Amino acid sequence: MSTASRAGRPLDPRDPVHPGPAPAAAAPTAAGPAERPPGLRERAALALTAARVRTAGLTDPVSEQDLVAQHSPLMSPLVWDLAHIGNMEELWLLRNVAGRASLHPEIDPLYDAFEHPRAERPKLPLLGPDEARRYAAEVRGRVFDLLERTPLEGTALLDSGYVFGMIAQHEQQHDETMLITHQLRPGAPVLAAPEPDAPYDPPTAPEVLVPAGPFTMGTSAEPWALDNERPAHTRETGAYWIDTAPVTNAAYEEFIADGGYREPRWWAAPGWEQIRTHGIGAPLFWRREGGQWLRRRFGVTEPVPGEEPVLHVSWYEADAYARWAGRRLPTEEEWEKAARHDPATGRSTRYPWGDGDPTADRANLGQRHLRPARAGSYPAGASPLGVRQLIGDVWEWTSSDFLPYPGFRPFPYREYSEVFFGPEHKVLRGGSFAVDQVACRGTFRNWDLPVRRQIFSGFRTARDGGA
């Protein structure tokens, strides 16, 4: 991810000659054997299993016709994602780690995300649903055998089970992609989940002051962190205010009612052109009917809930709202400082609440629900300064372009991050309800084109420090 971000970015290590890892000297290494946490093999097995269970839940309830159909030119057919997951796993684990021959070399070009844009994929001779399932299952069975007997040390690719974690993250990212396809898919709903029952304690203030000073951004210690999250380095920010919770649907409705989509002064020029060309006047999936705003959510039409974070807005829409409100989007470093920096200790933690893994009372992750919790939920997941919902619920647009950190080294292949660096892509942070915890942490960086709206994206705003 999810998004090109995860929905749009391909995660294929396709080198025309050899898809192997970068040399160990050029790659981020993890903790040595003495520091390695216990149960590493079990952790990798659980992460792989959780991803496969979710993949089945997104594909098994769907008819064969819907699996092979392309529900939007922005997305692949679900059956492509299903086989691509298996192909990526085979390529990195069975061929690269185990050194085995390809199971089905003839299908490799079909599932190369760089070779075939999404709009072309329905025309390819793809594996059918049953064939794709059998292929992915065959690969997974061999991978579990490999995991049992492979030393998780000795190379940068194997240290702390990095490559197994990478594959689990890749599958979860495609699960988010497939969930986006479900949202775009017409017809009756096929997915179900309980409503969020998140702990809720209304924040006492709408914004929080983050003091000026240095903090540690990125990571050099997180074992399964991806290359664009590395290395840890010092950043300095001025003082700034940041919203305690993401911007809500109710607040965004005020922007619409005040003519926000009709006033060019709020919009960056490309964004204004986008909304005029395509007649955009509200977030994606919204429509006005009977004097109220309705939205379509996974096949169900419902009134737009005012207390939830706004969802399915582009970077241009987020930026325009912030300008209208007399504020701005936070930079990427401002977002991460608000999420990870503890002023009392000077440390940057793994998550806003500390170093412990996400739990159900801290964050809305993993598709437990099919919607965000209301803004201001999860007080147990707040940062030391009291900022809420920085992890889970909605991806949050920042003002920053997707650029490498100082000292960045591509690993294990350039096509994961490096080819996307530049002003064309904007950074999103924090994850959404569609993101699994294996692919979400305080340092995780997502990116997408500023026009993208089908992703599970929202935002919060900021302003410079002072009164």
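It should be noted that the structure appears before, not after, this text.
Only a predicted model underlies this, so the values are computations on that prediction, with no experimental measurement involved. (Residues numbered from 1 in each chain as written. Predicted model: local features only at pLDDT ≥ 70, side-chain atom pairs only at ≥ 80, totals over all residues. Heavy atoms only, no water.)

Colleague: So, the sheet that holds strand S9 (residues 422–429): which residues are in play, and what are the values?
Modeller: Sheet architecture is open: four strands sit in the order S10-S9-S8-S11, paired in mixed fashion. At either margin of the open sheet sits one strand with a lone partner, and together these are strand S10 (445–448) and strand S11 (457–458). Examined bridge by bridge, strand S8 (residues 395–402) and S11 share two bridges and lie parallel to one another. Paired with Trp395 across the strands is Ser457, a residue of S11. (Pairing = 2+ DSSP bridges. Helix = DSSP H or I, 4+ residues; strand = E, 2+ residues; numbered from the N terminus.)

Colleague: Please provide a residue-by-residue account of the pattern of salt bridges, values included.
Modeller: Applying the stated rule across the entire model yields 38 salt bridges. Residues Glu89 and Arg52 are paired through a salt bridge, measuring 3.2 Å at the closest nitrogen-oxygen approach. Here Arg52 lies in helix H1 (residues 40–59) and Glu89 lies in helix H3 (residues 78–97), a separation of 37 residues in the sequence. For the pair Glu89 and Arg52, one class covers both residues: buried. Salt-bridge contacts for Arg133 lead to Asp60; the nearest nitrogen and oxygen are separated by 3.2 Å. Taken as a pair, Arg133 in helix H4 (residues 129–149) and Asp60 in the loop between H1 and helix H2 (64–68) lie far apart in primary sequence, 73 residues in all. A single salt-bridge network, built from bridges that share partners, covers Glu195, Arg295, Arg297, Glu302, Glu308 and Arg371. (Salt bridge = Lys/Arg side-chain N within 4 Å of Asp/Glu carboxyl O. Buried < 20%, exposed > 50% of the residue type's maximum accessible area, 1.4 Å probe, protein only.)

Colleague: Go over the pairing of strand S6 (residues 292–297) with me, naming the residues and quoting the values.
Modeller: When strand S5 (residues 286–289) meets S6, the two strands line up antiparallel, connected through four bridges. Bridging from a neighbouring strand, Glu289 pairs with Gln292 of S6. Linking S5 back to S6 in an antiparallel pair, the connection comprises two residues, with Gly290 at a positive phi of about 60 degrees. For S6 and strand S7 (residues 300–303), the ladder comprises four bridges, and the chain directions are antiparallel. Across the sheet, Arg295 pairs through a bridge with Glu302, a residue of S7. Between S6 and S7, which follow one another and run antiparallel, lie two residues, and Phe298 among them has a positive phi close to 50 degrees.

Colleague: Kindly report on H3, identifying the contributing residues and their values.
Modeller: Under the 1.5 Å per step criterion, the end-to-end length of H3 is 28 Å for 20 residues, consistent within 8% with the ideal 28 Å. Of all the bends in H3, the largest measures some 30 degrees and sits at Glu90. A positive phi of about 70 degrees marks Gly99, the residue just after H3. (Expected span 1.5 Å × (residues − 1). Bend = angle between axes of the 7 residues up to and from the residue.)

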